[in-house]
Amino acid sequence: MAVTKIWRIKGRADKVISYASNIEKTSFSESDRQALADVIEYAANEDKTERRIFVSAINCSPAFAKDQFDTVKKRFRKEDGTVAFHAYQSFAPGEATPELAHEIGVALAKELWGDRFQVLIATHLNTGCLHNHMVINSISFKDGRRFHSTAASYRQLKETSDRLCLEHGLSIVEEPKGRGKSYNHYQMEAAGMPTRYNAAKKALDDAIERSCNMQELSANLRSMGYQFSFAPNRKYWTITLPGWKKPIRTYRLGEEYSREAIEQRVFNNGSEARTLRIREGYKNAPQYTLRRRVDKIMGRTGLEKLYLRYCYELGYLPKYRQNSSKVHSLLKDELLKCDMYSEEAKLLSREKITTREQLTVHRQKLEARIESLEEKRYELRLNAKRKVLEEEKSLCKGSIADISKELKELRHELKLVKDIEARSPAMEEKLKEIEKERIKEVQR
């Protein structure tokens, strides 16, 4: 089961080359021989006591790889930026021999990069699973062009690795697990807030609970505003939350949400499933305790008050308590955007923006400032290329870095302003609907 990765190296190439070709990791110790069944005969042979090292190189020498990498960079005057790329290929424990693992690693490097780049390949034997490290020079010895690691090139790396493993009778990863939780995702779950994934799980659980066949499941999800793809000929089923464009593969939600598990849960339901009432809104919604604080609502006007009131209705102002601890059903999907609304509310308070006219003026100022900085940065980049002295180049690069940092902040603020312009009318309508319903409840 070969696993592959690749990442860029900045700074010094000799460090990663030294790590990859470390004799302690690439050679047999006595315990290594005993642990690997395929080298028992070798370990038992008293005439073979030398240590075997699994290090090879393509278009360079293993002993002088770092110097030869540098020679190519100097030849094409490309000594800055990324110095090398580090690729990784790991095999399942006990599945490959060191010789076979190294052979596959060399074949992989030759096929993908051998015609244009220098590559060092080292097979490490010091862990429970054999793995190859491949260090690729960032500059081609053939044409001086840089190595580019993209999604397409990584896909080619994985596909080539899988093909070579299958050709040699080794297993491959059929269904990658994908990335783990993001830090933001982790923080939201720790605070007891809903995330895109657990919102999808709750919707599926509610819909499955009230369904006896797939047609009823589809109708129930559709009535809740969810999009989905449950076609029989699809390998993976997907579900998309209201207001979101990116679908979620259901099997990523857990074992109970795979295609087979969903069908089994639906077909196991009895006729009583149809009698269950559709639950509306969140009853007894929890109070979310988060670190962020926003200003008081009282005394505010216009857009600033609109955003603070909206955050209050979402339970995002810790100092205030919601009436009857309820989040209105119209706002339940908005809980996923609390961080963004809070950030936009702070922006309005900080800039003292209360009207849409003031918001438009602020947007125009941001756009003008961004355009001015982009022109200034462009001129500095041209000057940096013309400068001969390293001190002058260093000053230009420092100014470019400062401008890039400011541009990043301004662009983020511009994105928030445009989002306020787009969302605020809908937010006003929702708050009006909520107020109307509350008035009706009082009149009853």
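Here the structure is a predicted model, which means the values were calculated and not measured.

> I tried to follow the overall build of the protein chain on my own but got confused; where do I start?
Looking only at helices and strands, the protein chain features 15 helices and eight strands. In the protein chain, which comprises 444 residues, the share counted as buried stands at 40%. With the model as given, the accessible surface of the protein chain reaches about 26600 Å², and the carbon-plus-sulfur share is 49%.

> Can you help me understand the environment of R234 in this one?
Here R234 is to be found in the loop between β6 (227-229) and β7 (238-240). According to the relative accessible area criterion, R234 is partly exposed, its value standing at 35%. Remark: the alpha-carbon pair of R234 and R259, spanning 25 residues in sequence, is separated by 9.5 Å. Those residues in contact with R234 that sit more than four places away from it in its chain are S229 and R259. Polar side-chain contacts of R234 include one of 3.1 Å to the side chain of S229.

> When you look at the pattern of salt bridges in this model, what are you seeing that I'm missing?
Oppositely charged side chains are able to pair whenever their charged atoms sit close together. Applying the stated criterion across every chain, the model contains 16 salt bridges. One salt bridge connects D70 with K66, and the closest N-O pair in it is separated by 2.6 Å. Of the two residues, D70 and K66 both sit in helix α5 (residues 65-75), four residues apart, roughly one turn of that helix. For K66, a relative accessible area of 29% translates into the label partly exposed. One salt-bridge network, held together by shared partners, links E111, R163 and E167.

> Just to check I follow, could you spell out the packing of helix α6 (residues 98-113) against helix α7 (residues 151-167) for this structure?
Angle between the axes and distance between the axes: these two values describe a pair of packed helices. Orientation of α6 relative to α7, taken along the N-to-C sense of each, is 140°, at an axis distance of 10 Å. As the angle between them shows, α6 and α7 are arranged oblique. The two elements α6 and α7 meet at a crossing, and its hand is right-handed. Residue-level contacts link I104, A107, L108, E111, L112 and W113 of α6 to Q156, L157, T160, S161, R163 and L164 of α7. Across the contact of α6 with α7, the residue classes tally to seven nonpolar, three polar and two charged.

> Mind showing me how you'd approach the nonpolar core here?
When a protein is soluble and globular, its nonpolar side chains tend to lie buried together. Of all hydrophobic cores here, the largest spans 30 residues; its most connected members are Y307, Y310, Y341, L348 and L359. Listing elements by their share of this core, those giving two or more residues are α12 (302-313), α13 (338-351), α14 (356-386) and α15 (390-443). Considering every element that reaches this core, the biggest residue donor is α15, with 11 residues. Excluding residues within four positions of it along the chain, L348 makes contact with L303, E304, Y307, I353, L359 and I420. Grouped together as the second largest cluster of nonpolar side chains are 28 residues, I58, F85, V119 and L170 included.

> Sorry if this is basic, but what is going on with the packing of aromatic side chains here?
Remark: the centre distance and the inter-plane angle together describe each pair of aromatic rings, the angle taken between the planes. Taken as a whole and assessed by the stated rule, the structure comprises six aromatic pairs. Seen in terms of ring centroids, F228 and F230 are 5.1 Å apart; in terms of plane orientation they differ by 35°. Their pairing is tilted. Looking at F228, the relative accessible area reads 23%, which means it is partly exposed. By relative accessible area, F230 is classed as buried at 12%.

> Help me out: how do you make sense of α6 in this one?
Each α-helix winds once per 3.6 residues, and so residues spaced three or four apart point in a common direction. Look at α6: 22 Å from first C-alpha to last across 16 residues, which is about the 22 Å you get at 1.5 Å a residue. Taken as a whole, α6 has its buried residues at P98, L100, A101, H102, I104, G105, V106, L108, A109, L112 and W113. For α6, the elements touching its buried residues are β2 (55-58), β3 (82-90), β4 (119-124), β5 (131-137) and α7.

> Just to check I follow, could you spell out unusual backbone geometry for this structure?
A negative phi angle is the norm for most residues apart from glycine, just as the trans form is the norm for most peptide bonds. The backbone of N59 shows a phi angle near 65°, a positive value even though the residue is not glycine. Along the chain, the position of N59 falls in the loop between β2 and α5. Given the relative accessible area of 38%, N59 is considered partly exposed. Of note, K352 is a non-glycine position whose phi angle comes to about 55°, a positive value. Looking at the element boundaries, K352 is found in the loop between α13 and α14.

> Would you mind showing me how to read a negative patch on the surface here?
A surface patch of negative charge is lined by E429, E433, E437 and E441. One can find E433 in helix α15.

> I'm lost on the sheet that holds β6 in this one. Help?
Two orientations exist for strands paired in a sheet by backbone hydrogen bonds: parallel and antiparallel. Read across the sheet, three strands follow the order β6-β7-β8 without closing on themselves; strand pairing throughout is antiparallel. Edge positions in the open sheet fall to β6 and β8 (248-249), since each of these has one partner strand only. In this sheet, β7 lies alongside β6 in antiparallel orientation, the contact comprising three bridges. Within the sheet, the bridge partner assigned to S229 lies in β7 and is T238.

> Can you walk me through the side chain of Q118 in this structure?
Tracing the backbone through its elements, the reader meets Q118 in the loop between α6 and β4. Here the side chain of Q118 touches Q68 through a polar contact of 3.4 Å, landing on its backbone oxygen. A polar contact of 2.8 Å, which involves the side chain of Q118, links it to the side chain of N137. Leave out the neighbours within four places in its chain, and Q118 touches I58, N59, C60, Q68, F69, V72, V135, I136, N137 and F141.

About the thresholds
- Residues numbered from 1 in each chain as written.
- Predicted model: local features only at pLDDT ≥ 70, side-chain atom pairs only at ≥ 80, totals over all residues.
- Heavy atoms only, no water.
- Helix = DSSP H or I, 4+ residues; strand = E, 2+ residues; numbered from the N terminus.
- Buried < 20%, exposed > 50% of the residue type's maximum accessible area, 1.4 Å probe, protein only.
- Areas by Shrake-Rupley, 256 points an atom, 1.4 Å probe, with all protein chains shown as cover.
- Contact = heavy atoms within 4.5 Å.
- Polar contact = N/O pair within 3.5 Å; in protein donor to acceptor, adjacent residues only side chain to side chain.
- Salt bridge = Lys/Arg side-chain N within 4 Å of Asp/Glu carboxyl O.
- Axes fitted to C-alpha atoms, helices over the stretch in contact; angles between N-to-C directions.
- Parallel < 35°, antiparallel > 145°, perpendicular 65-115°, else oblique.
- Left-handed = near helix turned anticlockwise from the far one by under 90°.
- Nonpolar A, V, L, I, M, F, W, Y, C, P; charged D, E, K, R; others polar.
- Core = buried A, V, L, I, M, F, W, Y, C linked by side-chain atoms within 4.5 Å.
- Phe/Tyr/Trp six-rings, centres within 6.5 Å; stacked < 30°, edge-to-face > 60°.
- Expected span 1.5 Å × (residues − 1).
- Patch = residues over 30% accessible without salt bridge, like charges linked within 9 Å, V, L, I, M, F, W, Y side chains within 5 Å.
- Lys, Arg positive; Asp, Glu negative; His and termini not counted.
- Charge placed at Lys NZ, Arg CZ, Asp CG, Glu CD.
- Pairing = 2+ DSSP bridges.

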